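These are the residues of each chain, in order.
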Amino acid sequence: MDNKIILKAEDLDGYLTQEDMADLQSLEVMFKETMKSFDPVNEEKIIEGYDKLGHEMQKICSKHPAIKVYSFVTEEGAHAECSRVISKLRDIKTDHQEFMYYSQRAYEMLFRMAYTDQHSDKKGHIIVKTPVNFPVQNYAVHKIPDIDHKIENTAICVMLRGALLPSMIMSKEIQEYSSHGYKTPFALFKISRNDTKNEADMEYIMDLNKSFFNLEQLDGKDLIFADPMNATGGSLVTVVKYLQSQGVKPKSIAFFNTISTLKGSIRVTRALENCTCYTLWMDPVMNEKAYIMPGLGDAGDRLNGCDTKDAPRNMIQLIADYGHNISGLYKSQLYEIEKIVLG
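What counts as what
Residues numbered from 1 in each chain as written. Predicted model: local features only at pLDDT ≥ 70, side-chain atom pairs only at ≥ 80, totals over all residues. Heavy atoms only, no water. Helix = DSSP H or I, 4+ residues; strand = E, 2+ residues; numbered from the N terminus. Rg over C-alpha atoms; globule rule 2.2 N^0.38 Å. Buried < 20%, exposed > 50% of the residue type's maximum accessible area, 1.4 Å probe, protein only. Contact = heavy atoms within 4.5 Å. Areas by Shrake-Rupley, 256 points an atom, 1.4 Å probe, with all protein chains shown as cover. Lys, Arg positive; Asp, Glu negative; His and termini not counted. Charge placed at Lys NZ, Arg CZ, Asp CG, Glu CD. Phe/Tyr/Trp six-rings, centres within 6.5 Å; stacked < 30°, edge-to-face > 60°. Lys NZ or Arg CZ within 6 Å of the ring centre and 35° of its normal. Expected span 1.5 Å × (residues − 1). Polar contact = N/O pair within 3.5 Å; in protein donor to acceptor, adjacent residues only side chain to side chain. Patch = residues over 30% accessible without salt bridge, like charges linked within 9 Å, V, L, I, M, F, W, Y side chains within 5 Å. Salt bridge = Lys/Arg side-chain N within 4 Å of Asp/Glu carboxyl O. pLDDT = per-residue confidence, 0-100. 1 Å grid on protein atoms, 1.4 Å probe; cavity = no way out; pocket = protein on both sides within 12 Å on 5 of 7 lines; lining within 4 Å. Points joined across faces, edges and corners; volume = space filled by probe spheres on them. Nonpolar A, V, L, I, M, F, W, Y, C, P; charged D, E, K, R; others polar. Pairing = 2+ DSSP bridges. Right-handed = clockwise from strand over helix to strand, strands pointing away. Core = buried A, V, L, I, M, F, W, Y, C linked by side-chain atoms within 4.5 Å.

### Structural notes on the overall build of the protein
- On a plain count of helices and strands, the protein comes out with 15 helices and 13 strands.
- Taking 20 Å as the expected radius of gyration for a compact globule of 343 residues, we find that the protein reaches 21 Å, a close match to that expectation.
- With the C-alpha coordinates of the protein rotated into their principal frame, the extents come out at 70 × 55 × 35 Å.
- When each of the 343 residues of the protein is scored for burial, the buried share is 48%.
- For the protein, restricting intrachain contacts to residue pairs at least 6 apart in sequence, the fraction spanning at least 24 positions comes to 72%.
- Put simply, the protein shows about 17600 Å² of open surface, and 51% of that area lies on carbon and sulfur atoms.
- Of the side chains in the protein, 40 bear a positive and 48 a negative charge, and the two mean positions are spaced by 2 Å.

Below you can see the structure in the form of structure tokens.
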């Protein structure tokens, strides 16, 4: 039985103010001017154009406290790492294994920005038994920030394919920083864009028959969504609005992106109550097909490989394709996913 929910683009634009539209239009004009230097390539003009875009986006983001951009809110010493990670993810020459490695780096940085970078006098301790046992068994003590109150009410919501590995990374970080080894519950949603549509009339489709979730595990939780790309914001809004229609009342929503557009970030923070967007890098615009520019291509394909049209992989097959190393590293997360998929 067909059981799908559709959200249209015009439903999202209603959350934008006249000031938002003017800000977004200014970025559109600036990016079009910068693109004139792409062919033929004029490196000096490209650098100049992106410098101007960066300053303009930082100015606009200062008006939106629920949008946290890594390079705008962290200390300057951290910006080089951010630039290097993003440049590797963008690079057309970066292969599958490297893309997975830099995606992991990206989400570890995002976790730190959201949960551990703020100074706190309250510390936790980890006591570790080491392999050194002469003359007696040795132990070491390490301090970590006490953030149990921030992370031990979380649930991970996966918007499938590209979001699967980033979601597992976030859950692993939560487990590592929890003094109780808290393992997040998971909810898996099958959601896609209608790629026959343009940005102005885009549709977002959620297939409930291919989604796996327990509403009771999500009610009253701090919901975490980790999607590499936030272009329009439509996928997140579709999922959360559906959950709310089913009686789920999230305590908060956190959206973690490697790259986001300003438009997508504004839309979701306006559309969803108590929602914060954390993004490693802000890109200025989308093209007519609602793909981010300059972007990094299809993050799902670059993380997971391309499905064939006739034989798309299900969740279990996708996890198997990650291989033994990933499965071993995220075994607690895979166990939670297995429980929700297999019931």
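### Here we look at the packing of aromatic side chains
- Inspection of the entire model under this criterion finds nine aromatic pairs.
- On the basis of an interplanar angle of 25° and a centroid distance of 5.1 Å, the ring pair of Phe189 and Phe213 is categorised as stacked. Here Phe189 is found in strand β6 (residues 186–193), whereas its partner Phe213 is found in the loop between β7 (203–212) and α9 (215–218), with 24 residues between them in sequence.
- The exposure class of Phe189 is buried, given its relative accessible area of 0%.
- An angle of 75° between the planes, with centres 6.0 Å apart, marks the rings of Phe213 and Tyr242 as edge-to-face. Residue Phe213 is located in the loop between β7 and α9, and its partner Tyr242 is located in helix α10 (residues 234–245); the two are separated by 29 residues in the primary sequence.
- What makes Tyr242 buried here is its relative accessible area of 13%.
- Three or more aromatic residues link up through ring pairs in this structure, and these residues are Phe111, Tyr115, Tyr177, Phe256 and Tyr278.
- Here the guanidinium or amino end of Arg193 rests over the ring plane of Tyr291, the centre of that ring lying 4.7 Å away.

### Describing helix α6 (residues 96–116)
- The terminal C-alpha atoms of α6, which comprises 21 residues, lie 29 Å apart, in line with the 30 Å expected from a rise of 1.5 Å per residue.
- If you check the start of α6, you find a side-chain oxygen 3.4 Å away from the backbone N of Gln97, and it comes from Asp95.

### Remarks on a nonpolar patch on the surface
- Taken together, the side chains of Ile127, Tyr139 and Val141 define a hydrophobic patch exposed on the protein surface, amounting to about 360 Å² of accessible area.
- Structurally, the position occupied by Tyr139 is in strand β4 (residues 139–145).

### A closer look at the confidence of the model for the protein
- Per-residue confidence for the protein averages 90 on the pLDDT scale, and 96% of its residues sit at or above 70.
- For the protein, per-element mean pLDDT is lowest for helix α13 (residues 315–322), which scores 70, and highest for strand β8 (residues 222–226), which scores 98.

### Observations regarding the layout of surface pockets
- Taken as a whole, the second largest pocket encloses approximately 330 Å³ of empty space.
- The element best represented in the lining of the second largest pocket is helix α2 (residues 18–35), accounting for five residues.
- For the lining of the second largest pocket, the class distribution of residues is seven nonpolar, three polar and four charged.

### Topic: the environment of Leu89
- In this structure, Leu89 sits in helix α5 (residues 79–90).
- The class for Leu89 is buried, based on a relative accessible area of 1%.
- Counting along the chain gives 207 residues from Leu89 to Leu296, while the straight-line C-alpha distance between them is 6.6 Å.
- Ignoring sequence-local partners within four residues, the contact set of Leu89 consists of Phe99, Tyr102, Ser103, Ala106, Thr258, Leu296 and Arg302.

### With respect to the pairing of strand β10 (residues 252–261)
- Most of β10 sits out of view: ten of its ten residues are buried.
- Sheet topology places β8 next to β10; five bridges connect them, and they run parallel. When the bridges of β10 are listed, Leu223 appears paired with Ile253.
- Across two bridges, strand β9 (residues 229–230) lies against β10 in parallel orientation. By the bridge assignment for β10, Met229 is matched with Ile259.
- As for the winding sense of the linkage, the β-α-β connection from β9 through α10 to β10 is right-handed.
- Sheet topology note: the β10/strand β11 (residues 275–283) ladder contains eight bridges and is parallel. Paired with Ile259 across the bridge in β11 is Trp281.
- Following the backbone out of β10, through helix α11 (residues 262–271) and into the adjacent parallel β11, one traces a crossover that is right-handed.

### Focus: the nonpolar core
- Grouped together as the largest cluster of nonpolar side chains are 84 residues, with contacts concentrated most on Tyr115, Leu218, Phe225, Leu236, Phe256, Leu280 and Ile337.
- The dominant element in this core, judged by the number of residues it contributes, is α6, at eleven residues.
- Excluding its chain neighbours within four sequence positions, the residues that come into contact with Leu218 are Ala155, Cys157, Ala187, Phe189, Leu223, Leu243 and Val248.
- Judged by nonpolar contacts, the second largest core, of 14 residues, contains Leu16, Leu24, Leu53 and Ile266.

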